[in-house]
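# What the coordinates show
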Amino acid sequence: GQNIDQPTEMTATEGAIVQINCTYQTSGFNGLFWYQQHAGEAPTFLSYNVLDGLEEKGRFSSFLSRSKGYSYLLLKELQMKDSASYLCAVRENNNAGNMLTFGGGTRLMVKP
Amino acid sequence: SAVISQKPSRDICQRGTSLTIQCQVDSQVTMMFWYRQQPGQSLTLIATANQGSEATYESGFVIDKFPISRPNLTFSTLTVSNMSPEDSSIYLCSVTGTDSYEQYFGPGTRLTVT
C-alpha cells in the first residue's frame, strides 16, 4: 500500500514563489506525478519524476528524492489562474500494471 | 497526448437504479483506469481495465457494484449499480499515453444520486 501526504491548503501572493511538498511511502516505486485540477475540471498533467533531481518546465519545477520519499512542486511568478488543487500521485508496479495513487491534494489560493 | 471523451457528462439518478458511463479514446491504449473523486476529495482508483481480460479492482470496490467492460483498445464502460447517495461523485476515465509515463484523464462524469 501507499501513504501520500501533502498539505491541505496553501495561500500565496501573485508574483511570488510557492513550494508544495509531498511525502510518500511505497513499494515498487515507478515514478511521481504532479497534476493541476481546477474546480469542476479533470486533472491535467504537470510533471513526472522517476529519477532524483529537478525537472523544470517553464514556471513549474518538480523535484524528487527517492531515498527520502519526498517531492515538491515549485511554482514561480504566480498568477491568479494558478489557483487550483495540486495533486501528487505515485506510480507503483502492481499485478494490474502501473497504477497511480493520489494524495489528498493541496488547494492553492493565489491572492493579489 | 490522448483525447478522452466521456458520456454522460453529468446525470441525476434515483436510488436503486444503475448508470453506465462510457469512455472513448482517440487512439488505441493498452491500459484504461477508472477513478472516483468524491466531493472535496482526491482521486481514488476503482479498477484497471485491460482489453481481453477481466478488470482488476482495488480494495473496497467489487465487480458486482462496478462492472466494467473493455471490448476494444479505444473504449470502456463503467456501470454504477444499485446506486445510493454515497455513490454521488465524479467518475473519471484515464489512460496511459504512448510515452507510457504520461497519464491522461477524461473530463469526468458528475453523478448525483437522490
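These lines cover the structure that appears in this document, whether it is placed above or below. If you're wondering where the values come from, they're calculated on a predicted model, not measured in any experiment. (Residues numbered from 1 in each chain as written. Chains lettered and ligands numbered in written order. Predicted model: local features only at pLDDT ≥ 70, side-chain atom pairs only at ≥ 80, totals over all residues. Heavy atoms only, no water.)

What follows concerns the overall build of chain A. If you tally the helices and strands in chain A, you get zero helices and eleven strands. Along chain A, helices (α) and strands (β) appear in the sequence β-β-β-β-β-β-β-β-β-β-β when read from the amino end. Over its C-alpha atoms chain A spans a radius of gyration of 14 Å, differing by no more than 12% from the 13 Å that the globule rule assigns to 112 residues. Counting only C-alpha atoms, chain A reaches 45 × 30 × 20 Å along its principal axes. Here chain A holds 112 residues, and 48% of them are scored as buried. Partitioning the intrachain contacts of chain A with sequence separation of at least 6 by distance along the chain shows that 55% fall at a separation of at least 24. Accessible surface, chain A: about 5,400 Å² in total, of which carbon and sulfur atoms supply 47%. (Helix = DSSP H or I, 4+ residues; strand = E, 2+ residues; numbered from the N terminus. Rg over C-alpha atoms; globule rule 2.2 N^0.38 Å. Buried < 20%, exposed > 50% of the residue type's maximum accessible area, 1.4 Å probe, protein only. Contact = heavy atoms within 4.5 Å. Areas by Shrake-Rupley, 256 points an atom, 1.4 Å probe, with all protein chains shown as cover.)

What follows is about the overall build of chain B. Looking only at helices and strands, chain B has zero helices and eleven strands in total. Going residue by residue from the N terminus, the α and β elements of chain B occur as β-β-β-β-β-β-β-β-β-β-β. Taking 114 residues into account, the globule formula puts the C-alpha radius of gyration at 13 Å, and chain B, at 13 Å, falls close to it. Expressed along its principal axes, the backbone C-alpha trace of chain B runs to roughly 40 × 25 × 20 Å. Intrachain contacts of chain B at a sequence separation of at least 6 include 53% that bridge at least 24 residues. Of the roughly 5,500 Å² that chain B leaves accessible, carbon and sulfur atoms contribute 47%. Each charge class in chain B can be summarised by its mean position, and for the 7 positive and 9 negative side chains these summaries are 9 Å apart. (Lys, Arg positive; Asp, Glu negative; His and termini not counted. Charge placed at Lys NZ, Arg CZ, Asp CG, Glu CD.)

Moving on to the layout of surface pockets. The volume enclosed by the largest pocket comes to roughly 500 Å³. Lining the largest pocket are 26 residues, with A:Arg107, B:Gln37, B:Pro39, B:Gly40 and B:Gln41 positioned closest to its centre. If you list the elements that add at least two residues to the lining of the largest pocket, you get β9 (84-94) and β11 (106-111) of chain A together with β9 (89-96) and β11 (109-113) of chain B. Looking at the lining of the largest pocket, its residues break down into six nonpolar, 16 polar and four charged. (1 Å grid on protein atoms, 1.4 Å probe; cavity = no way out; pocket = protein on both sides within 12 Å on 5 of 7 lines; lining within 4 Å. Points joined across faces, edges and corners; volume = space filled by probe spheres on them. Nonpolar A, V, L, I, M, F, W, Y, C, P; charged D, E, K, R; others polar.)

Between chain A and chain B, the residue contacts involve 20 residues of the former and 21 residues of the latter. Between chain A and chain B, the buried area comes to about 1,500 Å², and carbon and sulfur atoms account for 56% of it. Counting every contact that joins chain A to chain B gives zero salt bridges. (Buried area = accessible area lost by both parts, 1.4 Å probe. Salt bridge = Lys/Arg side-chain N within 4 Å of Asp/Glu carboxyl O.)

This part is about the sheet that holds strand β7 (residues 60-65) of chain A. All names here are of chain A. Strand order across the open sheet formed by five strands is β1-β3-β8-β7-β6, with antiparallel pairing between neighbours. One side of each edge strand has no neighbouring strand; the edge strands of this open sheet are β1 (3-5) and β6 (53-57). Sheet twist, expressed as the average angle between the axes of neighbouring strands with direction ignored, equals 15°. Taken together, the five bridges between β6 and β7 define a ladder with antiparallel strand orientation. If you follow Leu54 over to β7, its bridge partner there is Phe63. (Pairing = 2+ DSSP bridges. Axes fitted to C-alpha atoms, helices over the stretch in contact; angles between N-to-C directions.)

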